[in-house]
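Report on the structure
These are the residues of each chain, in order.
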Amino acid sequence: MDNIRSHTYYHLVVYSIAVIILSRFGLLFYFCMVPLHLLYRNYPAKVFFKTAGILTAGIVLWDILKYTGIGLSGSAYLLAAIGMFYPAMLLMSTMVYYLPAVSRRQIRMGIASLVPAAAGTIIIVLLNGDNPAAGDVIDFYSRIFSEILASAMPGAQELGSADFLFLLALEIMKATFLPFWFIIFGAGILLSEIAVQRKSSAAGPVKTFLDYFSVSDKLLWPFIGSWMLVLLDIVFGLGAFGDLIWNAALVFLLFYGTAGISILSYWGRKKHLRMHPLSWVILAIFLLFIPGINVILIITVPVLGLSEHWIHYRLASKEKIDENNTE
């Protein structure tokens, strides 16, 4: 802490530059909020919110000018909204996440998710609407997708699969924008917690929210209800509402999957298997790309987390779970 106090402005500038650089380069923008998490942990809340607000406003304005340079038509604004979605939502949600109104981590995560949920809902409704802007945007991304596919799979155009694959990718994107946000946002929190603990040599084994993550009993019926509505969408096709239902259902599935990984991590610690918290995430991602195993993983790990409503695997650790959900 003394080192930070003696170089206050230096570290503030370093964190700010890191946010700007990460938000500007390719897939690195998925990690642009990590320096903000570190900034919050090392500076007073007033400094954090002022700096984060200026950085977010500057980056959003930068993106608006970049995307609207295409033109001032409705399609340009919709293209800008889609292109800016993850960088802007990750930065804005980080500020919302640290608002001092609530202390429980899961509640703060839920409140922070309202920002991308609201913005994503507007985009989904517009994309599903019968308007020229939506058509122009879909055509724009379809051309890009066709060019990429032609480079990667030269025979795809002749087989007539390009349009089918694009529409499939579009539907997946609309149905998964919110769970994907949760994955990236949660990964940012995880990385920041690991980084902070690594700075202290006396911190001992790294412990993060992943070690004691559990799902509240209050979410059981919303989980069941969301998947019942998913069945209705599969049978009847609910349009934009169906896309939103898929997002909600997959978010609940992600919660239970995270709880399942947390239980496996707990069992590993009981067996003296000291795996780094990030190792569990990397292992889960790796297994998702193995045919056969990925299906088993997608089903069994969330079911394991779901079963904790009735089987208290970590009863002795309930106090630690409550502590971890309060920060």
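One can find the structure itself at the top, above this paragraph.
So, here is what we can say about the structure in this document.

Things to note about the overall build of the chain
A tally of helices and strands in the chain yields 14 helices and zero strands. Reading the chain from its N terminus to its C terminus gives the helix and strand order α-α-α-α-α-α-α-α-α-α-α-α-α-α. Counting only contacts in the chain whose residues sit at least 6 apart along the sequence, the fraction spanning at least 24 positions is 73%. A total of about 17800 Å² of accessible surface is found on the chain, and carbon and sulfur atoms cover 73% of it.

A word on the packing of aromatic side chains
For the structure shown, the criterion picks out 22 aromatic pairs. Look at F85 and Y86: their rings are 4.9 Å apart centre to centre, the planes differ by 85°, and that puts the pair in the edge-to-face class. Residue classification places F85 among the buried residues on the basis of a relative accessible area of 7%. Under the relative-accessibility criterion, Y86 is labelled buried at 16%. Where W181 meets F182, the ring centres are 4.9 Å apart and the plane angle is 80°; that geometry is what we call edge-to-face. The pair formed by W181 and F182 is uniform in burial state, with each residue classed as buried.

A look at helix 3 (residues 34-42)
Since the α-helix advances by 3.6 residues per turn, residues separated by three or four positions end up pointing in the same direction. For helix 3, a buried count of seven out of nine residues is recorded, marking the element as mostly surrounded by other parts of the structure. Along helix 3, the positions that sit buried rather than exposed are V34, P35, L36, H37, L38, L39 and N42.

A closer look at the layout of surface pockets
Approximately 730 Å³ is the volume found for the second largest pocket. Along the wall of the second largest pocket there are 27 residues; nearest its centre are I82, Y141, A169, L170 and M173. Sorting the residues of the lining of the second largest pocket by element identifies helix 5 (74-97), helix 6 (105-128), helix 7 (132-152) and helix 9 (162-198) as the ones contributing at least two each. When residues of the lining of the second largest pocket are assigned to their parent elements, the largest contribution, eight residues, is made by helix 9.

Here's the deal with helix 2 (residues 8-24)
With 17 residues, helix 2 should reach 24 Å at 1.5 Å per residue; the first-to-last C-alpha distance of 25 Å fits that figure. When we look at burial in helix 2, the residues that qualify are H11, L12, Y15, S16, V19, L22 and S23. Projected down its long axis, helix 2 carries its buried residues within an arc of 135°, all on one side. Residues Y9 and Y10 are exposed on helix 2 and point more than 90 degrees away from its buried face. Looking one or two residues past helix 2, G26 carries a phi angle of roughly 40°, positive in sign.

Comments concerning the packing of helix 2 against helix 3
Two elements in contact, helix 2 and helix 3, have axes separated by 9 Å at closest approach and are oriented at 160°. It follows from the interaxial angle that helix 2 and helix 3 lie roughly antiparallel. Regarding helix 2 and helix 3, the two cross each other, and that crossing is left-handed. Residues L12, Y15, A18, V19 and L22 of helix 2 form the contact with helix 3, whose own contacting residues are P35, L36, L38, L39 and N42. In terms of residue class, the contact of helix 2 with helix 3 is made up of nine nonpolar, one polar and no charged.

Notes on the environment of G188
Turning to its location among the elements, G188 is positioned in helix 9. Along the primary structure G188 and V34 are separated by 154 residues, whereas in three dimensions their C-alpha atoms are 5.2 Å apart. Ignoring anything within four residues of it in the chain, the contact list for G188 reads M33, V34 and H37.

Describing a nonpolar patch on the surface
Together, I285, L288, F289, V295, I298, I299 and V303 make up an exposed nonpolar region whose accessible area comes to about 680 Å². When contributions to the nonpolar patch are tallied by element, the ones reaching two or more residues are helix 12 (277-288) and helix 13 (293-307). Top element by residues in the nonpolar patch is helix 13. It accounts for four residues. Following the sequence through the fold, F289 ends up in the loop between helix 12 and helix 13. The exposure class of F289 is exposed, given its relative accessible area of 69%.

About the cut-offs
Residues numbered from 1 in each chain as written. Predicted model: local features only at pLDDT ≥ 70, side-chain atom pairs only at ≥ 80, totals over all residues. Heavy atoms only, no water. Helix = DSSP H or I, 4+ residues; strand = E, 2+ residues; numbered from the N terminus. Contact = heavy atoms within 4.5 Å. Areas by Shrake-Rupley, 256 points an atom, 1.4 Å probe, with all protein chains shown as cover. Phe/Tyr/Trp six-rings, centres within 6.5 Å; stacked < 30°, edge-to-face > 60°. Buried < 20%, exposed > 50% of the residue type's maximum accessible area, 1.4 Å probe, protein only. 1 Å grid on protein atoms, 1.4 Å probe; cavity = no way out; pocket = protein on both sides within 12 Å on 5 of 7 lines; lining within 4 Å. Points joined across faces, edges and corners; volume = space filled by probe spheres on them. Expected span 1.5 Å × (residues − 1). Arc of directions from axis to C-beta. Axes fitted to C-alpha atoms, helices over the stretch in contact; angles between N-to-C directions. Parallel < 35°, antiparallel > 145°, perpendicular 65-115°, else oblique. Left-handed = near helix turned anticlockwise from the far one by under 90°. Nonpolar A, V, L, I, M, F, W, Y, C, P; charged D, E, K, R; others polar. Patch = residues over 30% accessible without salt bridge, like charges linked within 9 Å, V, L, I, M, F, W, Y side chains within 5 Å. Salt bridge = Lys/Arg side-chain N within 4 Å of Asp/Glu carboxyl O.

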